[in-house]
Amino acid sequence: MSIFKHELKRNQSSFLTWTLAIGSLLMICIILFPEMKDEMSGVNDIFSSMGSFTSAFGMDKLNFGTFIGYYAIECGNILGLGGAFYASLQAINMLSKEEKDKTAEFLLSHPVTRTRLVTEKLMALIFEITMMNLIIYLWAMIVILIIKEELPLAQMNLLHLSYYFMQIELTGICFGISAWMKRGNMGIGIGIAMTMYLLNLIANLTTSVSFLKYITPFGYCDGANVVSLGHLEGIKIFIGMIFCTLSVLYAYIKYIRKDIY
Amino acid sequence: MEAIKTIELTKMYGQARGIDHLDLKVEAGDFFGFIGPNGAGKSTTIRTLLGLMRPTSGTGEIFGLDIVQQREMILQKTGYLPSEAIFYPNMKVKDILEFSSRLRKMDCQKEAKYLCERLQLDPFKKIETLSLGNRKKVAIVCALQHRPDLLILDEPTTGLDPLMQKVFFDILHERNQEGTTIFLSSHVLSEIQRHCTRAAIIREGKIIACDTIDVLAKTKAKRVNIHGSVAVDTLTGIRDLKEGKDTLSFLYSGDMLTLLHTLSTGDVQDLSISEPDLEEIFLHYYEKEENI
């Protein structure tokens with residue numbers, strides 16, 4: 001487990017920065033709710049009558065005046081996008097950074113199988129993503145209790161679980177790309193997270209491309225959908241996990257045979 | 001037993017050559033030099049031996065273990081000093097050394113402490129604050145602290161000051177006395193000549209000569225220095241001809257008697273015929289190939 005521990009230590013500061021950033025934004029958003037609530041009756045009408053913009057963000061399906069409606073859309077975007085960026089960036093660099101920083105030669109001239117290296121690095125990623133989600137989840141609950149709103153536990157569980165799946169899927173996809181790249185590239189990580197997010201917005205806009213929801217992981221963690229359905233969309237998550245698994249398998253196959261210059 | 005043995009080991013980078021049907025044998029216990037200019041394939045050979053790269057064809061063994069199939073067992077017995085000593089910049093020297101020994105599942109604290117003292121390396125410094133020479137020392141301790149049976153050193157002395165180079169080679173000789181095989185890749189020929197017992201010369205991915213240093217240095221070629229004037233155009237076997245105002249210098253590998261006859265026809269005021277140093281031998285090998 002030396003590489004696992006080494007990796008956690010190495011990523012400590014970025015883990016803390018991202019968790020803190022997402023946590024604080026989420027907190028600000030939640031704290032704003034009581035103030036917004038009083039003006040919501042008017043706002044709700046406006047938000048639900050902005051045409052395609054309304055449907056893109058799922059505001060036609062939710063009542064902004066209720067806490068869970070507000071939380072699913074506002075906080076969902078923060079945790080959804082923030083988490084997606086964090087997961088993608090960490091994963092895209094995880095394997096390739098050794099080559100980019102030229103530390104791969106040091107690491108791989110030790111008696112460590114490539115399989116072990118890939119496994120421990122993947123475990124470190126999953127551990128970090130899981131910890132980040134747990135901390136944010138607990139933190140959100142604490143803040144909600146502080147502003148004395150009723151805790152919508154069932155819906156929150158569904159929302160946070162779907163974001164977690166989404167981040168795991170993006171982690172897997174970016175991890176596969178990381179095995180293939182020779183140089184770390186943050187641009188690709190951000191690009192993938194952003195593209196997936198936009199694909200979901202487009203799918204929300206027009207039903208003719210609703211199949212996109214089966215491709216992007218944001219398809220199954222769309223807050224409005226999750227809350228209005230009241231359960232997770234198993235098929236979409238299943239498809240997502242297949243993408244994720246294939247990409248991770250690719251990472252193993254590729255990295256085991258990779259030449260280190 | 002051979003510490004290193006390769007048979008027709010080949011590594012291609014796409015169409016470009018890395019090493020080409022390389023046959024190399026290093027006996028256990030040797031202090032072996034690996035000579036060649038930049039781009040000849042020295043580092044490629046080492047990286048392929050260590051499993052950092054997969055060979056395109058051919059086989060290689062270290063202590064009888066296959067370099068592709070038994071990589072981890074090989075690496076457990078091997079210490080590698082890369083030409084570029086690069087580590088995680090945020091870590092302290094002692095953390096790097098500990099991480100390295102943990103990856104080997106060994107406790108090397110005592111040896112690490114001893115080596116750090118001998119090389120005058122402060123284990124509490126951060127890697128990013130170290131100079132090139134000090135980073136090199138970290139790499140040396142990493143390569144030596146687990147007391148490997150085989151040491152593979154790629155351009156080990158770059159960045160080290162002459163005093164440290166001496167300490168470093170003292171340690172290497174002590175280890176060699178204790179039975180460690182040392183494979184020293186370098187383009188500093190004097191280093192090889194001074195320390196190694198055997199050496200191989202690599203050129204364009206192929207071994208062009210491999211023997212003891214004494215035999216390599218005692219090729220038929222002699223360095224001939226003449227003060228005076230002689231017409232040497234008729235001689236065959238002349239290389240590296242340098243003509244000055246009253247001087248003439250060349251490497252000669254032809255018939256000695258013919259040389260003496262030719263010299264006697266000219267106006268020779270002073271003459272020396274000496275063994276060329278390895279540097280010249282090296283040029284000799286390279287030019288010989290180019291003439292073909």
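This text goes with the structure placed above it.
Caption draft 1: Here's a closer look at the interface of chain B and chain A. Counting residues at the interface gives 26 residues for chain B, matched by 25 residues for chain A. Taken together, both faces of the contact between chain B and chain A bury some 2,500 Å²; the carbon and sulfur share is 57%. When the buried area of chain B at its contact with chain A is split by residue, L52, Y88 and L103 of chain B rank highest and sum to 29% of it. Notably, a salt bridge pairs E84 of chain B with K102 of chain A, separated by 3.7 Å at the nearest N-O pair. On the surface where chain B and chain A come into contact, there are 13 residue pairs in polar contact (both at pLDDT 80 or more).

Caption draft 2: Expanded view of helix α6 (residues 162-177) of chain B. Residues and elements named next belong to chain B. Taking 1.5 Å per residue as the helical rise, α6 with its 16 residues ought to reach 22 Å, and the 22 Å between its terminal C-alpha atoms agrees with that figure. Among the residues making up α6, those that are buried are M164, F168, F169, I171, L172, R175 and N176. Projection of α6 onto a plane perpendicular to its axis shows the buried side chains occupying an angular sector of 155 degrees, all on one side. Facing away from the buried side of α6 by more than 90 degrees, the exposed set consists of P162, L163, K166 and Q177. At the N-terminal end of α6, a side-chain oxygen is found 3.0 Å from the backbone nitrogen of L163, two or three residues along, and the residue is D161. Once α6 ends, the next one or two residues include G179, with phi positive near 115 degrees.

Caption draft 3: Examining the sheet that holds strand β7 (residues 150-154) of chain B more closely. Residue and element names in this part refer to chain B. One open sheet accounts for six strands, arranged β6-β7-β8-β3-β9-β10; its pairing is mixed. Edge strands, defined here as strands with exactly one partner in the open sheet, are β6 (78-81) and β10 (206-212). Across the sheet, the mean angle from the axis of one strand to that of its neighbour is 15 degrees, orientation sign disregarded. In the sheet, β7 pairs with strand β8 (residues 181-186) via five bridges, with the strands oriented parallel. Across the sheet, residue L151 finds its bridge partner in β8, namely I182.

Caption draft 4: Structural view of a nonpolar patch on the surface. A surface patch of nonpolar side chains, about 480 Å² in accessible area, is lined by F211, Y214, I215, I235 and F243 of chain A. With respect to the element layout, F211 of chain A can be found in the loop between α8 (186-205) and α9 (223-229).

Caption draft 5: Expanded view of the sheet that holds strand β2 (residues 16-27) of chain B. All names here are of chain B. Judged by pairing direction, the sheet is antiparallel, and its four strands sit side by side in the order β2-β1-β4-β5 without closing on themselves. Looking at strand neighbours, the two that pair on one side only are β2 and β5 (65-66), the edges of this open sheet. The pairing of strand β1 (residues 2-13) with β2 spans eight bridges and is antiparallel. From the neighbouring strand, T6 faces β2, where its bridge partner is L24. Here helix α1 (residues 42-49) sits on the sheet in contact with β1, β2 and β4 (57-62), set at roughly 110 degrees to β1.

Caption draft 6: How the structure looks around helix α3 (residues 67-94) of chain A. Here α3 of chain A is 28 residues long and its end C-alpha atoms lie 37 Å apart, about the 40 Å a rise of 1.5 Å per residue gives. Burial analysis of α3 of chain A places 26 of its 28 residues in the buried class, the great majority of the element.

Caption draft 7: The pattern of salt bridges, seen in detail. All names here are of chain B. In total, this model carries 26 salt bridges over all chains according to the counting rule given. For K42, the salt bridge goes to E155, with nearest N and O atoms at 3.8 Å. Of this pair, K42 sits in helix α1 while E155 sits in the loop between β7 and α6, and the two are 113 residues apart along the sequence. According to the relative accessible area criterion, K42 is buried, its value standing at 5%. When its relative accessible area of 11% is taken as the criterion, E155 is described as buried. Between R147 and E111 there is a salt bridge, with the nearest N and O atoms lying 3.0 Å from each other.

Caption draft 8: Structural context of the packing of aromatic side chains. Within this structure, the stated rule accounts for 15 aromatic pairs over all chains. An angle of 80 degrees between the planes, with centres 5.3 Å apart, marks the rings of Y197 of chain A and F218 of chain A as edge-to-face. Of this pair, Y197 of chain A sits in helix α8 while F218 of chain A sits in the loop between α8 and α9, placing them 21 residues apart in sequence. Note on F34 of chain B and F183 of chain B: the rings are 5.0 Å apart at their centroids and 40 degrees apart in plane angle, and the pair reads as tilted. You can see F34 of chain B sitting in strand β3 (residues 31-35) and its partner F183 of chain B sitting in strand β8, a full 149 residues away along the chain. A residue is classified by how much of its surface remains accessible, and F34 of chain B, at 0% relative accessible area, is buried. Among the aromatic residues, those joined into a ring-pair cluster are F33, F67, Y70 and Y71 of chain A. One residue, R114 of chain A, lies across the ring of Y255 of chain A, its end atom 6.0 Å from the ring centre.

Rules of the game
Residues numbered from 1 in each chain as written. Chains lettered and ligands numbered in written order. Predicted model: local features only at pLDDT ≥ 70, side-chain atom pairs only at ≥ 80, totals over all residues. Heavy atoms only, no water. Contact = heavy atoms within 4.5 Å. Buried area = accessible area lost by both parts, 1.4 Å probe. Salt bridge = Lys/Arg side-chain N within 4 Å of Asp/Glu carboxyl O. Polar contact = N/O pair within 3.5 Å; in protein donor to acceptor, adjacent residues only side chain to side chain. Helix = DSSP H or I, 4+ residues; strand = E, 2+ residues; numbered from the N terminus. Expected span 1.5 Å × (residues − 1). Buried < 20%, exposed > 50% of the residue type's maximum accessible area, 1.4 Å probe, protein only. Arc of directions from axis to C-beta. Pairing = 2+ DSSP bridges. Axes fitted to C-alpha atoms, helices over the stretch in contact; angles between N-to-C directions. Patch = residues over 30% accessible without salt bridge, like charges linked within 9 Å, V, L, I, M, F, W, Y side chains within 5 Å. Areas by Shrake-Rupley, 256 points an atom, 1.4 Å probe, with all protein chains shown as cover. Phe/Tyr/Trp six-rings, centres within 6.5 Å; stacked < 30°, edge-to-face > 60°. Lys NZ or Arg CZ within 6 Å of the ring centre and 35° of its normal.

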